[in-house]
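The primary structure of each chain is shown beneath.
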Amino acid sequence: MRDYEIIFYEPVDPNPKYGLVPRHVRVLFQHCVEVTVHSRVRPDVWKRSLNDELLHVHSAGRDATGYVWGVGSQELYPGATVVEDSQRAKQWSGQIGIDFHEVKIEANAHSITLIFSKVASQEIGPGYAPYTVAPDGHGEHYAEGSRQPLA
């Protein structure tokens, strides 16, 4: 809702003389007032990618002609760029009174644009789980007092 988390995997040159180790980095964009996500998959590929078998990499056959959604990640290509002199960020800065920035993240399947005020990053390890389902969790607690009709 307020913050937007993206996990990046940083592969490295496998040459042992460099001593580099791949890692996962959690980037947290804070105070996100706008987040837009657009598909970068072409319409003709979308048309061939509606089959639910493409939701799981192991059920997609070698002859699959659509986009395999179930890989669980995206290639960060062409990459992320900061939008210099962003008019949207300036507008939010003027309305709220703190600095805002705009970043556009282009991966192979989606383009994500965020307007945010702060960013933080940290390396994360195996087992990291940003959300855990619990029978007495926040959603359940707030749903008890909700007056919203379900239909």
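Our structure is the block above this text.
Within any chain, residue numbers begin from 1 and follow the written order of that chain's sequence. For this predicted model, a pLDDT threshold of at least 70 governs which residues receive local features, and a threshold of 80 or more governs which side-chain atom pairs are given and counted, while totals over whole chains, interfaces and linings are taken from all residues. Heavy atoms throughout the structure, all of them, feed into the side-chain values; hydrogens and water do not.

Participant: In this structure, what is going on with the overall build of the protein chain? I would like to understand it.
Facilitator: Secondary structure elements are defined from DSSP: runs of H or I of at least 4 residues count as helices, runs of E of at least 2 residues count as strands, and each element is numbered from the N terminus. When its secondary structure is counted, the protein chain shows three helices and seven strands. Helices and strands appear in the protein chain in the N-to-C order β-β-β-α-β-α-β-β-β-α. For the protein chain, the spread of C-alpha atoms along the three principal axes comes to 50 × 50 × 35 Å. Each residue is placed in one exposure class: buried if its accessible area under a 1.4 Å probe, protein chains only, is under 20% of its type's maximum, exposed if it is over 50%, and partly exposed if it falls in between. Out of the 151 residues belonging to the protein chain, those deemed buried represent 23%. Within the protein chain, counting contacts between residues at least 6 apart in sequence, those at least 24 apart form 56% of the total. For the protein chain, the accessible surface area stands at approximately 11600 Å², while carbon and sulfur atoms represent 55% of it. In this description, contact between two residues means that some pair of their heavy atoms is separated by no more than 4.5 Å. Reported accessibility uses the Shrake-Rupley method at a 1.4 Å probe radius. Residues are deemed covered only where the shown protein chains occlude them.

Participant: Got a minute to help me understand unusual backbone geometry in this structure?
Facilitator: Peptide bonds are trans in most cases, and residues, glycine excluded, mostly fall at negative phi. Looking along the chain, the bond that leaves Tyr77 and enters Pro78 is cis, with omega of 10°. Within the secondary structure, Pro78 sits in the loop between helix H1 (43-47) and strand E4 (79-82). Positive phi values are uncommon outside glycine, yet His31 reaches one of about 55°. Relative to the helices and strands, His31 is located in the loop between strand E2 (23-30) and strand E3 (34-39). Among the residues examined, His31 registers a relative accessible area of 23% and is labelled partly exposed. Even without being glycine, Asp85 reaches a positive phi, approximately 50°.

Participant: I would appreciate a short explanation of the layout of surface pockets in the present structure.
Facilitator: To locate leftover empty space, one rolls a probe as large as a water molecule over the atoms. Two kinds of site are reported from a 1 Å grid over the protein atoms alone, namely cavities, where a 1.4 Å probe fits but cannot get out, and pockets, open sets with protein on both sides within 12 Å along at least five of seven lines, and residues are called lining when an atom falls within 4 Å of a point. Grid points are joined across faces, edges and corners, and a volume is the space filled by probe spheres set on the points. Considering only enclosed or pocket space, the largest pocket measures out at about 560 Å³ in volume. Taken together, 20 residues form the lining of the largest pocket, with Ile6, Ile7, Phe8, Ser73 and Gln74 sitting closest to its centre. The set of elements that each furnish at least two residues to the lining of the largest pocket consists of strand E1 (4-10), E2 and strand E6 (110-116). Here the lining of the largest pocket gets seven residues from one element, more than from any other, and that element is E1. Residues belonging to the lining of the largest pocket are distributed by class as follows: 12 nonpolar, five polar and three charged. Amino acids outside the nonpolar list (Ala, Val, Leu, Ile, Met, Phe, Trp, Tyr, Cys, Pro) and the charged list (Asp, Glu, Lys, Arg) are all regarded as polar, and Gly is one of them.

Participant: What exactly am I supposed to notice about the pairing of strand E5 (residues 101-106) here?
Facilitator: Successive side chains on a regular strand alternate, one facing one side of the sheet and the next facing the other. Judged from the four bridges that link them, E4 and E5 form a sheet pairing that is antiparallel. Paired with Thr81 across the strands is Lys104, a residue of E5. A pair of strands is treated as paired once DSSP finds two or more bridges between them. Strand direction decides the pairing type here: E5 and E6, joined by six bridges, are antiparallel. Paired with Glu106 across the strands is Ser111, a residue of E6.

Participant: Can you walk me through the sheet that holds strand E7 (residues 118-124) in this structure?
Facilitator: Working definition: the strands of a sheet are paired by backbone hydrogen bonds and lie parallel or antiparallel to each other. In spatial order, the strands read E1-E2-E7; together these three strands make up an open sheet with antiparallel pairing. Looking along the sheet, the strands with just one partner apiece sit at the ends: E1 and E7. Looking at each pair of strands side by side, their axes are set apart by 20° on average, direction ignored. Where E2 lies against E7, seven bridges are found, and the strand directions are antiparallel. In the sheet register, Phe29 faces E7, and the bridge partner there is Val119. Fitted lines through C-alpha atoms give the axes, limited to the stretch in contact for helices. The angle between two N-to-C directions lies from 0 to 180 degrees.

Participant: I tried to follow the nonpolar core on my own but got confused; where do I start?
Facilitator: Burial of nonpolar side chains together is a common tendency in soluble globular proteins. Residues Ile6, Phe8, Val25, Val27, Phe29, Cys32, Val103, Ile105, Ile112, Leu114 and Phe116 constitute the largest nonpolar core, which totals 11 residues. Elements supplying a minimum of two residues to this core: E1, E2, E5 and E6. Grouping buried Ala, Val, Leu, Ile, Met, Phe, Trp, Tyr and Cys residues that are joined through side-chain atoms within 4.5 Å yields what is termed a nonpolar core.

Participant: Mind showing me how you'd approach the sheet that holds E6 here?
Facilitator: What the four strands build is an open sheet, ordered E3-E6-E5-E4; its pairing is antiparallel. This sheet does not close on itself; its edge strands, each paired only once, are E3 and E4. Sheet twist, expressed as the average angle between the axes of neighbouring strands with direction ignored, equals 15°.

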